[in-house]
Structures are given as C-alpha cells and as structure tokens.
Amino acid sequence: MFSKEDINTLQQFTLEEGLQFISSKFSEGVVFSTSLGQEDQVITDAIFKNNLPIKVFTLDTGRLFYEHYDLLSKNNSRYQKKTEVYFPESSDVEKYLMEKGVNGFYHSVENRKECCFIRKVKPLNRALENAKVWITGLRSEQSENRENMPILEWDEDRKLYKYNPLINWTYQDVLHYLEQNKVQELSLHKKGFISVGCQPCTRAIEEGENPRAGRWWWETSQKECGLHSH
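Since the structure is predicted, the reported quantities are computational estimates derived from the model, not experimental observations. (Residues numbered from 1 in each chain as written. Predicted model: local features only at pLDDT ≥ 70, side-chain atom pairs only at ≥ 80, totals over all residues. Heavy atoms only, no water.)

What to know about the overall build of the protein
Here's step 1: Helix and strand content of the protein: 7 helices and 6 strands.
Here's step 2: Secondary structure elements in the protein, listed N-terminal to C-terminal, are α-α-β-α-β-α-β-α-α-β-β-β-α.
Here's step 3: Against the globule reference of 17 Å for 230 residues, the protein gives a C-alpha radius of gyration of 17 Å, in line with a compact fold.
Here's step 4: In terms of overall dimensions, the protein has a C-alpha envelope of 50 × 35 × 35 Å along the principal axes.
Here's step 5: In the protein, once contacts between residues fewer than 6 apart in sequence are set aside, the share between residues at least 24 apart is 69%.
Here's step 6: Accessible surface, the protein: about 11700 Å² in total, of which carbon and sulfur atoms supply 48%.
Here's step 7: Mean positive and mean negative side-chain charge positions of the protein (30 and 34 charges, respectively) differ by 3 Å. (Helix = DSSP H or I, 4+ residues; strand = E, 2+ residues; numbered from the N terminus. Rg over C-alpha atoms; globule rule 2.2 N^0.38 Å. Contact = heavy atoms within 4.5 Å. Areas by Shrake-Rupley, 256 points an atom, 1.4 Å probe, with all protein chains shown as cover. Lys, Arg positive; Asp, Glu negative; His and termini not counted. Charge placed at Lys NZ, Arg CZ, Asp CG, Glu CD.)

What follows is the structure in structure tokens.
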C-alpha cells in the first residue's frame, strides 16, 4: 500500500502532515496507542486538534500511577474526545498472581516479561485487531534498540504498518511542541520520571541517565516490554 516514494514523502512532512497523509490512505483502520507520556501527548494533541479519523487508545495495566488516570480525564475534557481503554484479561492476572505472587516480576526477567505480556501485549493485540496502521510515539534516541527504526515499517507478525512519526525528533523537539501548544503532561515528568510505565516498575532518573534507565530499574536488560519487539 505504501511505495518508496510515500516513505520519502513522509520523511519531509511535519507531524500534522504525516498524520493526515497516513489517515487519508485508509478510510478506517488507523490507530494510535498512547501511554500518556510526553511523546504520546504530542501525537494525541495533533490527532484530536485536527479531527483526524484515527482511533486513540491506551492500555490500563491495572498498576498505573494515579497521575495516568488524572491526565486521561484531563485529555477527555480538553479535546472532548474519548480515548479507548483496554484492560488485561482478569483470568490471566489472577493466574499470574497465584503462581508468581503480587510482585513476582521482581524475581526474574522471565517473570517480568510474562507480566508485561499479560498486562500489555495481549491487550495491545486485541486493540490492534483489524488495524491497518499502528501509530507510535517512538523516538530513535530513547534507547539503542530504537536507534535504527524507520519512520514507516511493516510489522510481519501483526500484518500491519507501523508509523513512527517522531522517530527523528529530539527530546528538545518534544518539549518545544508541548510548550508551544500548551499540551497537558503527566505531573510525574517534573519529578524526574521521563519514561513512565507501571508504578512498581518505574523510578525517577538521575541527571545524565538514559531516559529508560528508570524502567525496570532492578534489571540489566534491554528495557523493553515486548510491545515493540517481534
């Protein structure tokens, strides 16, 4: 559906132009997953302000910070548009808690990834059913795993396109957009939380640390949950 010329064109577009171009290619099936972080608030603002036909959804893992719910409510009020919410299957969570314990994810990387799979990956897969394009807020400087990600790629596992409109943005670009457009943010960002996930798995980072150092802070792993890996 997308040609090399389309991809080259996307590289030159502004965020708003790129989102409009992507959504114009499909009458339906373009979706955006937001974690309510700074990058995702940028994209949410661009989608809602321009009334683009893009479904916006988020994953409620059941272990988020209160601040996530507060911001979600503020988004709904400001834009007068709803963000769809997907939850994990209760039977999966109950089974995990019985077998691994309430905080079993601290005990091994395997346990943690299983928790992420139950609370994030499976709900995401449901949200992406029938989707043709999945829009994300990934940026290349966030981690080594994302350095070489293209702006548009084919996700063979899910059989859809993955559009990363901010992939070449710097963190300063994100902050500039948020300030210029007076976009609401998680109050946690002002407390040293840059990349924010579930409450028990996120800590504030120190000056000079990688933005994702606060995610699964007790691990020496690739700092990914499985949402963006094949």
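Regarding the sheet that holds strand 4 (residues 133-135)
Here's step 1: If you walk across this open sheet you meet the 6 strands as 3-2-1-4-6-5, and the pairing is mixed. Each end of this open sheet is capped by a strand with a single partner; those strands are strand 3 (84-86) and strand 5 (152-155). Across the sheet, the mean angle separating the axes of adjacent strands is 30° when strand polarity is ignored.
Here's step 2: Strand direction decides the pairing type here: strand 4 and strand 6 (residues 160-163), joined by 3 bridges, are parallel. Paired with Trp134 across the strands is Lys162, a residue of strand 6.
Here's step 3: Relative to the sheet, helix 2 (residues 15-25) contacts strand 1 (30-33), strand 4 and strand 6, its axis offset from that of strand 6 by approximately 170°.
Here's step 4: On top of the sheet, helix 6 (residues 109-127) reaches strand 2 (55-59), strand 3 and strand 4; it is set at about 160° to strand 2, its chief contact. (Pairing = 2+ DSSP bridges. Axes fitted to C-alpha atoms, helices over the stretch in contact; angles between N-to-C directions.)

Here's the deal with the packing of aromatic side chains
Here's step 1: In this structure the tally under the stated criterion is 13 aromatic pairs.
Here's step 2: Between Phe2 and Tyr161, the ring centres sit 4.7 Å apart and the planes meet at 85°, which makes this aromatic pair edge-to-face. Taken together, the positions of Phe2 in the segment before helix 1 (4-12) and Tyr161 in strand 6 put the pair 159 residues apart, joining distant regions of the chain.
Here's step 3: Between the aromatic rings of Phe105 and Tyr106, the centroid separation amounts to 4.7 Å while the plane-to-plane angle is 65°, which identifies the pairing as edge-to-face.
Here's step 4: Judged by its relative accessible area of 1%, Phe105 is buried.
Here's step 5: Of the residues examined, Tyr106 reaches a relative accessible area of 31% and is grouped as partly exposed. (Phe/Tyr/Trp six-rings, centres within 6.5 Å; stacked < 30°, edge-to-face > 60°. Buried < 20%, exposed > 50% of the residue type's maximum accessible area, 1.4 Å probe, protein only.)

Structural notes on empty space enclosed by the protein
Empty pockets left among the atoms are what a rolling probe the size of a water molecule brings to light.
Here's step 1: Scanning the model with the defined rule gives 2 cavities of 30 Å³ or more in all.
Here's step 2: Approximately 110 Å³ is the volume found for the second largest cavity.
Here's step 3: Each residue belonging to the lining of the second largest cavity can be placed in one class, and the counts come to 7 nonpolar, 1 polar and 5 charged. (1 Å grid on protein atoms, 1.4 Å probe; cavity = no way out; pocket = protein on both sides within 12 Å on 5 of 7 lines; lining within 4 Å. Points joined across faces, edges and corners; volume = space filled by probe spheres on them. Nonpolar A, V, L, I, M, F, W, Y, C, P; charged D, E, K, R; others polar.)

Considerations on the state of the cysteines
Here's step 1: Counted by the stated rule, this structure contains 0 disulfides.
Here's step 2: As a non-bridged cysteine, Cys115 has Cys116 as the owner of its nearest cysteine sulfur, 6.1 Å distant.
Here's step 3: Its relative accessible area of 9% is what places Cys115 among the buried residues.
Here's step 4: The thiol of Cys198 is not disulfide-bonded; the next cysteine sulfur, from Cys201, is found 5.7 Å away.
Here's step 5: Classification of Cys198 as buried rests on a relative accessible area of 10%. (Disulfide = S-S within 2.5 Å.)

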